[in-house]
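Structural features, examined
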Amino acid sequence: MRDVREHPKIEADVVVVGAGFAGATAASELARSGRSVALLEARDRLGGRALSHPIGAGKIVELGCEFHLPDSVNARTAAALGIASEKVYDEGYKLIETERRLTRWKGSIPRISPIALADFGQAALRIERMRRAVPEEAPWTAPHAARWDSETMWSWTRRNIRTREGRLLMRLLLEAGMGAAPSEMSVLHVLNYSNCTNGFRAMTTITGGALENRFAGGAQNLVLRIAENVTADTYVNAHVRRIEQGDDRVRVTGPGFEATGRRVVVAVPTPLVGRIDFAPSLPETRTRLTQRMTMGAAIKYLVLYDEPFWRRDGMSGMAISFRSPFRAVLDGSPADGSPGVLTVFVTGPAAHHIAAMEPSRRRELLRRQLGRYFGARAEKPQEIIEQNWMAEPFTQGCYHGYCPPGFYTEYGPALKEPIGRIHWAGAETVPVEYGAMGGAIYSGRRVAAEIAGQMSTKSSTTAVIA
Ligand SMILES: Cc1cc2nc3c(=O)[nH]c(=O)nc-3n(C[C@H](O)[C@H](O)[C@H](O)COP(=O)(O)OP(=O)(O)OC[C@H]3O[C@@H](n4cnc5c(N)ncnc54)[C@H](O)[C@@H]3O)c2cc1C
């Protein structure tokens, strides 16, 4: 890995912007097919939204992406690289805090009033039926795409769930699972995302669901392993500000550096594309696409204790709340149970609210809420690690960009459509495993194949843009 400040002039067949899962995969695949590549990363590290934080004794906690389905693209990629998966702890009671009380439950169905539960259940079944009609590769071609894309998930919820508790449960699961309020997302977007997690209920389920598995050694390590064969072609501290297309070359520039190539892959989160200047300007449709997609909102807390003491009290460490901004808690302890770690998610509008508070105030509220869930000992952690993804200049929110009404049917096909020598990758550019590690890898492979198909000659590094 090189520092771009020591390499101000770079030439390669393909310049790849952004070294998350998507950019790392694209660069690695292109290099494997014989192209020379330059992978440019604005941060001083690789991984993007994959960020594993060391906590000593060779162990890590995940500040970014964490969970995967066993049959996902990322799980298969990890298995091929010899990276093992480990199970998330899921024994004992879970907690749900409704507007009125804190209740224990077991299994996959939270304990709210039976009427509200039945009300919610019929809506969840309806979503399951609807999502099956959404094609994986092209959600905008679903039979009722126009209708489903014209409505927010919240207005759908209000029409289809009558009880207040049922609606609140729907809001909580969507905010915790997708990082945005249901009033901001289209029904079609939620249906497609449910397909990506093997079903709507699986989105927020541990055993048998999307939260069951993690990568041993961390998700960021998987990015590093994917990028292993392009380590020497990877440049950090390379904040790309401008992309110019000439007749046969592209020029990619940032403070103090210039990279030229025959093609460029832009593998940054789709809403951040608007921060790059393009010459000539991008077509109006592409600009509007970027303006209409917004990053979700999440702050992730890792709260460390000397041991996972809640397990001895018969608790799984999972808690969800209608009332508290600390929407969801999971046991994030390493596989051997030492130290004890609670992973806390603050998502959607609650994340904006909490981010605006003084750091000491929000930590105090967090300690109190954990005390309410797991007793006085939970109020005295050894350490609290806070990761506010909205404050990260090269991510600006998470878990992914979400699609408002009208987005998919208007712009869906354009998400991956190349513009001249510019190609697009990233978790937001593919409907398959959308917004997730697997989608990012899938997009990196797709774009590498697209470029391999379009570049007729092999390496050509002689022409220079005037
Ligand atoms: C808290 C959190 C929890 C998540 N949980 C999960 C989960 O459990 N399972 C799951 O599958 N997914 C999860 N995700 C989503 C997952 O992390 C992303 O979908 C995936 O990592 C996206 O990869 P990417 O390569 O498309 O984008 P990114 O990882 O965002 O990579 C883009 C890269 O581009 C760089 N960049 C940006 N602008 C520029 C520029 N101008 N010049 C140069 N470089 C630039 C960035 O620094 C970054 O490294 C989570 C994300 C977060 C943040």
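The rules behind each value
- Residues numbered from 1 in each chain as written.
- Predicted model: local features only at pLDDT ≥ 70, side-chain atom pairs only at ≥ 80, totals over all residues.
- Heavy atoms only, no water.
- Helix = DSSP H or I, 4+ residues; strand = E, 2+ residues; numbered from the N terminus.
- Rg over C-alpha atoms; globule rule 2.2 N^0.38 Å.
- Buried < 20%, exposed > 50% of the residue type's maximum accessible area, 1.4 Å probe, protein only.
- Contact = heavy atoms within 4.5 Å.
- Areas by Shrake-Rupley, 256 points an atom, 1.4 Å probe, with all protein chains shown as cover.
- Lys, Arg positive; Asp, Glu negative; His and termini not counted.
- Charge placed at Lys NZ, Arg CZ, Asp CG, Glu CD.
- Disulfide = S-S within 2.5 Å.
- UniProt positions renumbered as here; feature names shortened; annotations may be inferred.
- Domains from an automatic or database assignment.
- Buried area = accessible area lost by both parts, 1.4 Å probe.
- Axes fitted to C-alpha atoms, helices over the stretch in contact; angles between N-to-C directions.
- Left-handed = near helix turned anticlockwise from the far one by under 90°.
- Nonpolar A, V, L, I, M, F, W, Y, C, P; charged D, E, K, R; others polar.
- Expected span 1.5 Å × (residues − 1).
- Near = heavy atom within 4 Å.
- Polar contact = N/O pair within 3.5 Å; in protein donor to acceptor, adjacent residues only side chain to side chain.

**A few points about the overall build of the chain**
When helices and strands are tallied, the chain shows 14 helices and 25 strands. The C-alpha atoms of the chain give 22 Å as radius of gyration, which agrees with the globular expectation for 466 residues (23 Å, within 12%). Looking at the chain residue by residue over its 466 residues, the buried ones come to 61%. When contacts within the chain are restricted to residue pairs at least 6 apart in sequence, long-range pairs at least 24 apart make up 74% of them. Summed over its atoms, the accessible surface of the chain is roughly 18,000 Å², and 50% of this surface lies on carbon and sulfur atoms. Mean positive and mean negative side-chain charge positions of the chain (59 and 49 charges, respectively) differ by 5 Å.

**Comments concerning the side chain of Gln220**
With respect to the helices, strands and loops of the structure, Gln220 is situated in helix α8 (residues 219–226). The buried category is assigned to Gln220, whose relative accessible area is 12%. In contact with Gln220, other than residues within four places in its own chain, are Arg45, Leu46, Gly47, Ala50, Leu51 and Ser52.

**Considering the state of the cysteines**
As enumerated under the stated definition, the model contains zero disulfides in all. Not engaged in a disulfide, the cysteine Cys398 finds its nearest cysteine sulfur in Cys65; these two sulfurs lie 9.8 Å apart. Taking the relative accessible area as the measure of exposure, Cys398 reaches 6% and is therefore buried. With no disulfide of its own, Cys403 lies 10 Å from the sulfur of Cys196, the closest cysteine sulfur.

**Thoughts on the UniProt feature "domain: Amine oxidase" (unreviewed entry) in the chain**
Mapped onto this numbering, the UniProt entry annotates "domain: Amine oxidase" (unreviewed entry) at residues 21–451. Across residues 21–451, helical content stands at 32% and strand content at 22%; the span's end C-alpha atoms are separated by 18 Å.

**A word on the UniProt feature "binding site: substrate" (unreviewed entry) in the chain**
Listed under "binding site: substrate" (unreviewed entry) in the UniProt record, and renumbered for this structure, are Phe345. With respect to the secondary-structure elements, Phe345 resides in strand β22 (residues 340–347). Relative accessible area serves as the criterion here: at 10%, Phe345 is assigned to the buried category.

**Remarks on the domain arrangement of the chain**
In terms of domains, the chain is made up of domain 1 (2–48 + 219–282 + 419–454), domain 2 (67–72 + 86–90 + 211–216 + 297–391) and domain 3 (113–204). Taking only C-alpha atoms, the centre of domain 1 and the centre of domain 2 are 33 Å apart. Contacts between the two partners involve seven residues from domain 1 and, on the opposite side, four residues from domain 2. A combined buried area of about 410 Å² lies between domain 1 and domain 2, and 66% of that area is made up of carbon and sulfur atoms.

**Overview of the packing of helix α1 (residues 21–32) against helix α14 (residues 437–454)**
Put simply, α1 and α14 touch, their axes get as near as 7 Å, and they point 35° apart. Classified by chirality, the crossing of α14 by α1 is right-handed. Of α14, the residues touching α1 (which contributes Phe21, Ala22, Thr25, Ala26, Glu29 and Leu30) are Met437, Ala440, Ile441, Ser443, Gly444, Arg445, Val447, Ala448 and Ile451. Across the contact of α1 with α14, the residue classes break down as 10 nonpolar, three polar and two charged.

**Some points on α1**
The end-to-end C-alpha distance of α1, which contains 12 residues, comes to 16 Å, matching closely the 16 Å that a straight helix rising 1.5 Å per residue would cover. For α1, the elements touching its buried residues are β3 (14–17), β4 (37–40), α8, β16 (263–266) and α14. Looking one or two places after α1, you find Gly34, whose phi comes out positive at around 100°.

**A word on helix α2 (residues 73–80)**
Taken together, the buried positions of α2 are Val73, Asn74, Ala75, Thr77 and Ala78. Those residues of α2 that are buried lie in contact with β7 (67–68), β11 (213–215), α8 and α14. Looking at the residues trailing α2, positive phi occurs at Gly82, about 75°.

**Let's talk about unusual backbone geometry**
Between Ala279 and Pro280 the backbone carries a cis peptide bond, its omega angle lying at -5°. As for its position among the elements, Pro280 is in the loop between β17 (277–279) and α9 (284–292). The phi dihedral of Gln396 is positive, around 60°, even though this residue is not glycine. Mapping Gln396 onto the fold places it in the loop between β23 (383–388) and β24 (401–402). You will see that Glu433, though not glycine, has its phi angle at about 50°, which is positive. Tracing the backbone through its elements, the reader meets Glu433 in the loop between β25 (422–424) and α14.

**Examining the site of the ligand**
Surveying the vicinity of the ligand reveals 34 residues, the closest of which are Glu41, Arg43, Arg49, Ala427 and Gly435. A distance of 2.8 Å separates an oxygen atom of the ligand from a polar atom in the side chain of Arg43. Between the ligand and Ala436, the relevant distance is 3.4 Å, taken from an oxygen atom to a main-chain nitrogen or oxygen of the residue. Isolated, the ligand exposes 1,000 Å² of accessible area, and the fraction of that covered by the protein chains is 95%. For the shell around the ligand, the elements supplying multiple residues, two or more each, are α1 and α14. A class-by-class count of the residues in the shell around the ligand yields 22 nonpolar, eight polar and four charged.

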